[in-house]
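The chain contents come next:
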Amino acid sequence: GRGIENEPVSFAISSGGGSLAAAVVGGLAADLPRVQTSASLNISTDDSGEAEMIWTLGTAAGVQKATATVRSLPPVQFTATAQAGVPALLTLEGGDAQQQMIGFPLDERFAVGVWDAFGNPVSGVSVTWQMTAGNGELIDVSPATNDAGLSVATLVPGPIAEPVEGTATLLDLSP
C-alpha cells in the first residue's frame, strides 16, 4: 500500500487523438513548463508513488481513452467525453431548388447543419426559420438541432405561383 518512487509509468492515448504532457505535481497551469506533447509519454513516479500527466482531448466529439501502464501490471484506463464546441458554421444540408404545385408541401424538407470549429455537429441549438421571399408557410419546424446537428422545416407554397425562399439563421452566423 506504499507508493514506489522513480517507477516508470507509460501513458498512451488509445482512442480519440489529442496529446499528453508531463504535469507538475502540485503546480498551477501557469507554472507548467513548456514540454513537447505527444500521444504517448513516460513519467517516473514521485516520492509518494504518483505520476501525473495532462491530457488534451482530440478535436472529435465523443468518447476518448488513454491508458497508464506500469511493468506487466494490468493497464489503468481513463475515459473522457469530448463535447462539441460552440456553433461556428451554419450550412445548407438539403431541400434547396425544388419545385412543387401550389398548396402541396415540398417533397424534401429544408435542412441546415450547425457545426463547431472542428466540424462536429452541435445539438440543442435553436435555429430561426422564416419566409424571406414569395408566399408560403413553413411547417414542421424543428425547435432545436438534433444529435446530428440538423434543423429541418417543410415549406408549403402559397396560392400564387412564384419563387419562394426560406431562411435559417443562428446567432451571429451568416444565414
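Residues numbered from 1 in each chain as written. Predicted model: local features only at pLDDT ≥ 70, side-chain atom pairs only at ≥ 80, totals over all residues. Heavy atoms only, no water.

Participant: Which residues make up the overall build of the protein, and what are the values?
Facilitator: For the protein, the count of helices and strands is zero helices and twelve strands. Counting from the amino terminus, the protein carries its helices and strands in the arrangement β-β-β-β-β-β-β-β-β-β-β-β. Here the C-alpha atoms of the protein give a radius of gyration of 25 Å, more than 25% beyond the 16 Å that 2.2 N^0.38 yields for 175 residues. In terms of principal-axis extent, the alpha carbons of the protein reach across some 80 × 35 × 25 Å. The buried share of the protein, taken over its 175 residues, is 30%. Taking as baseline every contact in the protein between residues at least 6 positions apart, the subset at least 24 positions apart corresponds to 58%. (Helix = DSSP H or I, 4+ residues; strand = E, 2+ residues; numbered from the N terminus. Rg over C-alpha atoms; globule rule 2.2 N^0.38 Å. Buried < 20%, exposed > 50% of the residue type's maximum accessible area, 1.4 Å probe, protein only. Contact = heavy atoms within 4.5 Å.)

Participant: So what about unusual backbone geometry? Which residues, and what values?
Facilitator: The backbone of asparagine 6 shows a phi angle near 60°, a positive value even though the residue is not glycine. Tracing the chain through its elements places asparagine 6 in the segment before strand S1 (8–15). Taking the relative accessible area as the measure of exposure, asparagine 6 reaches 54% and is therefore exposed. With phi around 60°, alanine 97 is a residue other than glycine that occupies positive phi space. You can see alanine 97 is positioned in the loop between strand S7 (89–94) and strand S8 (110–115). Overall, the relative accessible area of 74% leaves alanine 97 in the exposed class.

Participant: Describe the nonpolar core, listing the residues and the values that go with them.
Facilitator: Counting 14 residues, the largest nonpolar core has Phe110, Val112, Val114, Val127, Trp129 and Leu138 as its most contacted members. Within the residue set of this core, elements represented by two or more residues are S8 and strand S11 (150–157). For this core, the leading source of residues is S8, giving three residues. Among the nonpolar cores identified, the runner-up in size contains eleven residues, and Phe11, Ile13, Ala66 and Ala68 belong to it. (Core = buried A, V, L, I, M, F, W, Y, C linked by side-chain atoms within 4.5 Å.)

Participant: Requested: an account of the side chain of threonine 145, with residues and values cited.
Facilitator: Its place among the elements puts threonine 145 in the loop between strand S10 (136–139) and S11. Judged by relative accessible area, which is 5%, threonine 145 ranks as buried. Polar side-chain contacts of threonine 145 include one of 2.8 Å to the backbone oxygen of valine 122. Non-local contacts of threonine 145, meaning those with residues more than four positions away in its chain, are made with Val114, Val122, Ser123, Gly124, Val125, Val127, Leu150 and Ser151. (Polar contact = N/O pair within 3.5 Å; in protein donor to acceptor, adjacent residues only side chain to side chain.)

Participant: Help me get a handle on the side chain of threonine 154, residues and values and all.
Facilitator: Residue position: threonine 154 is located in strand S11. Of the polar contacts made by the side chain of threonine 154, one reaches the side chain of arginine 109; its length is 3.0 Å. Setting aside residues up to four positions removed in sequence, threonine 154 forms contacts with Pro105, Leu106, Arg109, Glu137, Leu138, Ile139 and Asp140.

Participant: Just give me the short version of the layout of surface pockets, but keep the residues and values in it.
Facilitator: In this structure, the largest pocket spans a volume of roughly 520 Å³. Lining the largest pocket we find 27 residues, and of these Asp96, Phe110, Val164, Glu165 and Gly166 sit closest to its centre. For the lining of the largest pocket, the secondary-structure elements that each account for two or more residues are S7, S8, S11 and strand S12 (165–169). The residue makeup of the lining of the largest pocket, split by class, is 16 nonpolar, eight polar and three charged. Its volume calculated, the second largest pocket comes out at about 210 Å³. If you trace the second largest pocket, you find 14 residues lining it, with Val9, Ala68, Thr69, Val70 and Val76 closest to the centre. (1 Å grid on protein atoms, 1.4 Å probe; cavity = no way out; pocket = protein on both sides within 12 Å on 5 of 7 lines; lining within 4 Å. Points joined across faces, edges and corners; volume = space filled by probe spheres on them. Nonpolar A, V, L, I, M, F, W, Y, C, P; charged D, E, K, R; others polar.)

Participant: Tell me about the sheet that holds S10, residues and numbers included.
Facilitator: Spatial ordering of the open sheet is given by S7-S8-S11-S10, a layout of four strands whose pairing is antiparallel. Each of the sheet's edge strands pairs with one partner strand only, and the pair in question is S7 and S10. Going from strand to strand, the sheet's axes swing by 30° on average, the running direction of each strand aside. In this sheet, S11 lies alongside S8 in antiparallel orientation, the contact comprising four bridges. Looking across to S11, one finds that glycine 113 is bridged to leucine 150. (Pairing = 2+ DSSP bridges. Axes fitted to C-alpha atoms, helices over the stretch in contact; angles between N-to-C directions.)

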